[in-house]
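Structure assessment
Here is what each chain is made of, one letter per residue.
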Amino acid sequence: MGKLTAFHKTVQGYNHVKAGTPCEDFSDSYQDESGRFYIGAIADGHGDEACFRSSFGSRAAAKIAVECLKELGEAYFQESASTSMPLKEQLGYERGRRILLRQLTDRIISTWSRTVLSDLEANPPTEEELSAAGKMESTYQSGERLEHIFGTTLIAALWLPEFLILLHQGDGRCDVFYDDGSVDQPIPWDNRCYENVTTSLCDTDSADAVRTCVIDLNFKRVVACYLGSDGVEDYYPNADETQEGTHCFYRKLSIAISKLEPEPAVIETMLGPLLENHTREGNGDDVSVAGIYLKDELERLAVQMGKDAQKFEDEDNRQRQLLAYEQKIGSMQRKHGILQRKFSETTADSERCSQSVQICQGRIARLTQELEELRNQQASAFAEMQTESEEAGKARDYLDEQEQSDSFRSLLRYAAEGFGIFRTKIEDAYQSKAKAYETLSSKVSAKASEFETEEHELSQLKAALEDAQSRLQQAQEAFEQYDAEYQRLCAEKQNLLASSGDEQV
């Protein structure tokens, strides 16, 4: 086994700093002075209101795990009694591992339970603490489930010359890197851990729920093992299923520590600002990291890890850009639709007004023609009436002359009746022409009135059209300006998709 280094670092979450609440994470590590074995442990106390002493619970869990693993490490190198199987042999086969790991986890859990209950006995919960415990208040008041007050997760690792022993209760992740540059999370996952829900050391079935893993280093050469609370993985919401975000974080961490002196204090000093930035830009939760690594091997794999990390970051940046485009486009869709509908409505309104103007203008053109025809007819009727009036005047003068003549008198007794009929006919003809003229004059007046009405309506329609066209111009400008930005974002999103070969959506 080459020269290993174990380290740990916990930083208070950005949200906890702002709220003035305590850090609920705790981490610890150990390096055997003789370089025989190395240990790392982290614990993430629950932020639930019912777990109001989880910061004590996480500290106790990490410290107890390290002490129990130290004892196991020491035992690994001790001469075994004749009646006992050496730990190396026991770890070499499946049944022996199960027995050994169950004894280990039972001891950790029982020691943790005694420790937190001792604290509870020495410092009973106050009424203020209990009243803030939410749905667990009545349970605590009855003296049940008191370990829940100290609820915490736990991940721990013991690196021996030939074996890497891992144990895990709750959420958080353990990344293991191998000598070929590959990485996995070998500890089986508990599907009961999702989002903000996690299993815990305080659960009644915690002894059965602890997951364990033993890696035989003779068959799989490990170069680094990292333990991290969920504050690490939650920074990468786009990669939470594949865990590529977590892998990328530890690849970049591997590259960074491969350039530093392999001293825990040096590593931890570097980790402080890194993790503070991580929580500030992430979800604001506490963050803990512990690790055990081979510096020479990380130096050898640094280039490969850098390429793998860059590949993920490029994809992660692309996904973040896509998400940003989707959010921006999504936020614009409603207003885009409103402006588009308004543009369509004002277009239709303008077209209706324009059509109404055209129809009215058509009616006015027809009325103008009809009025012209009527006025021509009126002029003709007036001329005919005037002619008839002149003819009637002449006829009356003639009759008057004849009535005064001797010949008329001599014939009067024979022609009086005929002259009377002739006079009547002359008068009737004139009256007929005059009546026709009056009728046409009335029609002209009515048609002129109708023309004036249409002219007034046309004026109103033109004003409405001008208003509709003004509103249309405003709606068009507003839509086209907004649509240009909307289409630009859609095009950029499509280009981003096309650049990676994704199908257009």
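None of the values given here were measured: they were computed from a predicted structure. For every chain, the first residue of the written sequence is number 1, and numbering continues from 1 onward in sequence order. Where local features are concerned, this predicted model is filtered to residues with pLDDT of at least 70; where side-chain atom pairs are given and counted, the filter is 80 or more; whole-chain, interface and lining totals use all residues. Only hydrogens and water are set aside when side-chain values are computed; all heavy atoms of the structure are taken into account.

1. Thoughts on the overall build of the protein chain
- Segments assigned H or I by DSSP are reported as helices when at least four residues long, segments assigned E as strands when at least two residues long, and all are numbered from the N terminus. Of the regular secondary structure elements, the protein chain holds 12 helices and 10 strands.
- Projected onto its principal axes, the C-alpha positions of the protein chain cover 185 × 60 × 40 Å.
- Within the protein chain, contacts between residues at least 6 apart in sequence are counted, and of these 77% link residues at least 24 apart.
- Asp and Glu are treated as the negative residues and Lys and Arg as the positive ones, with His and the ends of the chain left uncounted. Lys charges are placed at NZ, Arg charges at CZ, Asp charges at CG and Glu charges at CD. Taking the 55 positively charged and 90 negatively charged side chains of the protein chain as two groups, their mean positions are separated by 3 Å. In what follows, a contact means two residues having at least one pair of non-hydrogen atoms within 4.5 Å.

2. Considering helix H9 (residues 244–258)
- Multiply 1.5 Å by the residue count of a helix minus one, and that product is the helix's expected span. With 15 residues, H9 should reach 21 Å at 1.5 Å per residue; the first-to-last C-alpha distance of 21 Å fits that figure.
- Most of H9 sits inside the fold, with 12 of its 15 residues counted as buried.
- Considered for burial, the residues of H9 that qualify are Gly245, Thr246, His247, Cys248, Phe249, Tyr250, Arg251, Leu253, Ser254, Ile255, Ile257 and Ser258. Categorising residues by exposure relies on relative accessible area from a 1.4 Å probe, with only protein chains included: less than 20% of the type maximum marks a residue as buried, more than 50% marks it as exposed, and the intermediate range marks it as partly exposed.

3. Brief notes about the sheet that holds strand E10 (residues 287–294)
- When DSSP finds two or more bridges between two strands, those strands count as paired. The strand order E1-E10-E9-E6-E7 describes an open sheet built from 5 strands, whose pairing is antiparallel. Strands at the two margins of the open sheet, each flanked by one partner only, are strand E1 (4–11) and strand E7 (183–184).
- Where E1 meets E10, 8 bridges bridge the pair, whose relative direction is antiparallel. In the strand pairing of E10, Thr5 is matched with Tyr293.
- Interaxial angle, 0 to 180 degrees, is taken between N-to-C directions of lines fitted to C-alpha atoms, where a helix line uses only the stretch in contact. Helix H10 (residues 264–281) rests against E1 and E10 of the sheet, and its axis sits at about 35° to E1.

4. Description of the environment of Val116
- Considering the arrangement of structural elements, one finds Val116 in helix H4 (residues 94–122).
- The exposure class assigned to Val116 is buried, which follows from its relative accessible area of 0%.
- It is 14 Å that separates the C-alpha atoms of Val116 and Glu144, two residues lying 28 residues apart in sequence.

5. Topic: the pairing of strand E3 (residues 38–44)
- Counting buried residues along E3, 7 of its 7 residues qualify, which places the element largely inside the surrounding structure.
- Of the two faces of E3, the one holding Tyr38, Gly40, Ile42 and Asp44 and the one holding Ile39, Ala41 and Ala43 are both buried throughout.
- With antiparallel pairing between neighbouring strands as the criterion, strand E2 (residues 25–31) and E3 make up a hairpin whose turn holds 6 residues, including Gly35 at a positive phi of roughly 75°.
- Here E3 runs beside strand E4 (residues 154–159); their pairing, made up of 5 bridges, is antiparallel. Paired with Ile39 across the two strands is Leu158, which belongs to E4.

6. Considering the state of the cysteines
- In this description, the term disulfide denotes a pair of cysteine sulfurs within 2.5 Å. Across all of its chains, the model carries 0 disulfides by this definition.
- Here Cys51 is not disulfide-linked; the sulfur of Cys202 is the nearest cysteine sulfur, at 5.5 Å.

7. Brief notes about the packing of helix H2 (residues 54–77) against H4
- Following both chains from N to C, one finds H2 and H4 inclined at 140°, their axes separated by 9 Å at the closest point. Between H2 and H4, the crossing angle belongs to the class labelled oblique. As for the relative orientation of H2 and H4, their crossing is right-handed in sense. Of the residues in H4, those touching H2 at Phe56, Gly57, Ala60, Ala61, Ile64, Ala65, Cys68, Leu69, Glu71 and Leu72 are Leu100, Leu104, Arg107, Ile108, Thr111, Trp112, Thr115, Val116 and Asp119.
- Within the contact of H2 with H4, the residues separate by chemical class into 13 nonpolar, 3 polar and 3 charged. Any angle that is under 35 degrees is reported as roughly parallel, and any over 145 degrees as roughly antiparallel; angles of 65 to 115 degrees are reported as roughly perpendicular and all others as oblique. Each crossing is labelled by how the near helix is turned from the far one, with a counterclockwise turn of less than a right angle marking it left-handed and a clockwise turn marking it right-handed. Classification convention: Asp, Glu, Lys, Arg as charged; Ala, Val, Leu, Ile, Met, Phe, Trp, Tyr, Cys, Pro as nonpolar; all other residues, Gly among them, as polar.

8. As for the sheet that holds strand E5 (residues 163–169)
- With antiparallel pairing, the 5 strands of this open sheet are ordered in space as E2-E3-E4-E5-E8. Two strands bound the open sheet, and with one partner strand each, they are E2 and strand E8 (211–216). Looking at each pair of strands side by side, their axes are set apart by 5° on average, direction ignored.
- Pairing between E5 and E8: 6 bridges, direction antiparallel. Its bridge partner being in E8, Leu166 is matched across the sheet by Cys213.

9. Quick notes on the environment of Phe77
- Looking at where Phe77 falls in the secondary structure, it is placed in helix H2.
- Taking the C-alpha atoms as reference points, Phe77 and Ile187, 110 residues apart in sequence, are found 25 Å from one another.
- For Phe77, the residues in contact, after removing those within four places along its chain, are Arg36, Phe37, Leu160 and Pro161.

10. Let's talk about the pattern of salt bridges
- Should a side-chain nitrogen of Lys or Arg be within 4 Å of a carboxyl oxygen of Asp or Glu, the pair is scored as a salt bridge. Going through the model one piece at a time under the given rule, you end up with 32 salt bridges.
- Across the pair Glu129 and Arg53 runs a salt bridge whose closest N-O atoms are separated by 3.2 Å. Separated by 76 residues along the polypeptide, Glu129 in helix H5 (residues 127–131) and Arg53 in the loop between E3 and H2 bring together distant segments of the chain.
- The network of salt bridges with shared partners includes Asp179, Arg221, Glu297 and Arg300.

11. Section: the packing of aromatic side chains
- When two rings of Phe, Tyr or Trp (its six-membered ring) have centres within 6.5 Å they constitute a pair, described as stacked for plane angles under 30 degrees, edge-to-face for angles over 60, and tilted for the intermediate range. Applying the stated criterion across every chain, the model contains 12 aromatic pairs.
- On the basis of an interplanar angle of 25° and a centroid distance of 6.4 Å, the ring pair of Phe37 and Phe77 is categorised as stacked. Within this pair, whereas Phe37 is found in the loop between E2 and E3, its partner Phe77 is found in helix H2, the two being separated by 40 residues in sequence.
- What makes Phe77 partly exposed here is its relative accessible area of 33%.
- The rule for a charge over a ring is simple: NZ of Lys or CZ of Arg within 6 Å of the ring centre, and within 35 degrees of the ring normal. Its end group placed over the ring of Trp189, Arg173 keeps NZ or CZ at 3.7 Å from the ring centre.
- Over the aromatic face of Trp189 sits the side chain of Arg211, whose NZ or CZ is 5.3 Å from the ring centroid.

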